[in-house]
Amino acid sequence: MITKLDNPVGTLAPEPSQLPDINRGNEPVCTIVSNDPKIIEICATIAVGAAVRIIQCTEPASLSLGIAGPVLWGSDMAIVAGHQNYSVDVLVGLEPDASHLWALASRIPKARVALLPSAGQWLGEYLGLWAMRAGHGHTLAVSATAGGLGTTTLAMLLAHAGTLSGLRSVLIDLDPHSQSLWPCITTRAPVGVGWEELVKSGGALAAHQLAETLPKLRETSVLTWSQANEHEVLEEQLLIRLLAAARQGFDFVVLDTGRAVHPQQEIINQFLDRHVFAANNTTIPKTGETVLCGESRLRRSTEDHAQILGSFPLNSRIIKATGRGELLDCFKSRTLRQGLADFCLIPQVQEQRS
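Bear in mind the structure is a predicted one, so any value in this text is a computation, not a measurement. Numbers given for residues are sequential positions, taken from 1 along each chain in its written order. This being a predicted model, a pLDDT of at least 70 is required before a residue's local features are given, and a value of 80 or more before pairs of side-chain atoms are given or counted; all residues contribute to the totals for chains, interfaces and linings. The side-chain numbers reported here are obtained from all heavy atoms of the structure, hydrogens and water having been left aside.

Peer 1: Break down the pairing of strand β8 (residues 169-173) for me, citing the residues and quoting the values.
Peer 2: The rule is simple: take the accessible area with a 1.4 Å probe, protein chains only, and divide by the maximum for that residue type; under 20% is buried, over 50% is exposed, in between is partly exposed. A helix here means a DSSP run of H or I that spans at least four residues, while a strand means a run of E at least two residues long, and both kinds are numbered starting from the N terminus. Burial analysis of β8 places five of its five residues in the buried class, which makes it a mostly covered element. Where burial is concerned, the two faces of β8 agree: the one with Ser169, Leu171 and Asp173 and the one with Val170 and Ile172 are both buried. Paired strands, as defined in this entry, are two strands with at least two bridges between them according to DSSP. Sheet topology note: the β8/strand β11 (residues 252-259) ladder contains five bridges and is parallel. Following the sheet pairing, Ser169 is matched in β11 by Phe252. When β8 meets strand β10 (residues 220-223), the two strands line up parallel, connected through three bridges. Each bridged residue has a counterpart across the sheet, and for Leu171 the counterpart in β10 is Val222.

Written out as structure tokens, the structure is:
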């Protein structure tokens, strides 16, 4: 189904309040500027396959009203894009339009060309990849270079620091060897769905449902295994759907990916804004941003090595709070709050809500 954004020729552009609800529920949306029924029909079919809602725009002036998402231009109206400063992502047409569209693309920076139906698969992959990252949620992965560094503790504290700064935050347990995060952060797991339930459901949760059903620890959502049992590696499609929904339902998404290279790292990378490594002085990686965990200072030069963001010493306050199942009580410490802020890993609220 195509939502139509009409602005008849000779009339003023509609007020934003008169526009259809094009961004309902953070649903991924793209726009097709065209009146060609054949092009619109093919693009609509492709968009459905990519889980993207498509809006038909018949008057380019409407594009100035802040429509988000990729903008596709049909060959019947693409000439307008070439003469105005409109947003152009893909020029779309049928095979006979090839020379016309390629000539236009040469004059429009970064414009792509999709000749249908042969480029249908490419266009579907393009929209699908964009939809995966369509959510506004800033996604941070925290990986360990060795065991026992306190990576989960750091990830939980970062996620909750985001909550305290006004962000809707979630910690997602992606450690392939994890049995449950709860013993590491609290003695009593809050009520809500875990990985077991999502695996059984196939991950069929909309973004708002995910945000509503995950358990919360002092208003910070957590997704982990409910019980300390061995489990299978998550299926790729489940992981993709989950991360896409998390980016749409939360402002700040923290992933605890465990040690070494994650078996699904290529998929995770599609969603990441930043990736930080937790290391000690003997396990500093050669590249990437690194936090020294369990260390008070750097003991050797890191020239041509990782960028050190700072140190996160596991002091007695943190250890005792973890033992009591009251990890988040550590935020009473001004030193801890300042140390987390100094890593500059928590996005600003205004950046997420803009």
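On we go from here.
Peer 1: Hey, could you go over empty space enclosed by the protein for me, with residue numbers and the actual values?
Peer 2: Within this scheme a cavity is a closed region of a 1 Å grid, computed over the protein atoms alone, that accommodates a 1.4 Å probe without allowing it to escape, whereas a pocket is open but has protein on both sides within 12 Å along at least five of seven lines; lining residues each have an atom within 4 Å of a point. Grid points are joined across faces, edges and corners, and a volume is the space filled by probe spheres set on the points. Scanning the entire structure with this criterion turns up two cavities of 30 Å³ or more. Of the pockets and cavities examined, the largest cavity occupies roughly 90 Å³. As for the largest cavity, its lining consists of Asp173, Leu174, Asp175, Pro176, Trp195, Trp225, His231, Glu232, Val233, Leu234, His262 and Gln264. As a working rule, the residues Ala, Val, Leu, Ile, Met, Phe, Trp, Tyr, Cys and Pro are called nonpolar, Asp, Glu, Lys and Arg charged, and the rest polar, with Gly in that last group. Grouping the amino acids of the lining of the largest cavity by side-chain chemistry returns six nonpolar, three polar and three charged.

Peer 1: Break down helix α5 (residues 151-164) for me, citing the residues and quoting the values.
Peer 2: For α5, which comprises 14 residues, the first-to-last C-alpha distance of 20 Å matches the rise-based estimate of 20 Å (1.5 Å per residue) to within 8%. A large share of α5 lies buried, amounting to 13 of its 14 residues. With its phi angle positive at about 105°, Gly166 sits one or two positions after the end of α5. For a helix, the expected span equals 1.5 Å multiplied by the residue count minus one.

Peer 1: Give me the lowdown on the packing of aromatic side chains, citing residues and values where you can.
Peer 2: Paired rings are identified among Phe, Tyr and Trp, the last through its six-membered ring, by centres lying within 6.5 Å, and are further divided according to the angle between planes into stacked (under 30 degrees), edge-to-face (over 60) and tilted (the rest). What the rule picks out here adds up to three aromatic pairs. Ring centres of Trp122 and Tyr126 lie 5.3 Å apart, and the angle between their planes is 20°; on these two criteria the pair is classed as stacked. Here Trp122 pairs with Tyr126, and both are found in helix α4 (residues 120-132), just four residues apart, close to one helical turn. Taking the relative accessible area as the measure of exposure, Trp122 reaches 35% and is therefore partly exposed. Taking relative accessible area as the criterion, Tyr126 reaches 18% and is therefore assigned buried. Relative to Trp225, the ring of Trp195 lies with its centre 6.2 Å away and its plane at 35°, an arrangement referred to as tilted. In this pair, Trp195 sits in helix α7 (residues 195-201) while Trp225 sits in the loop between β10 and α9 (236-249), placing the two residues 30 residues apart along the sequence.

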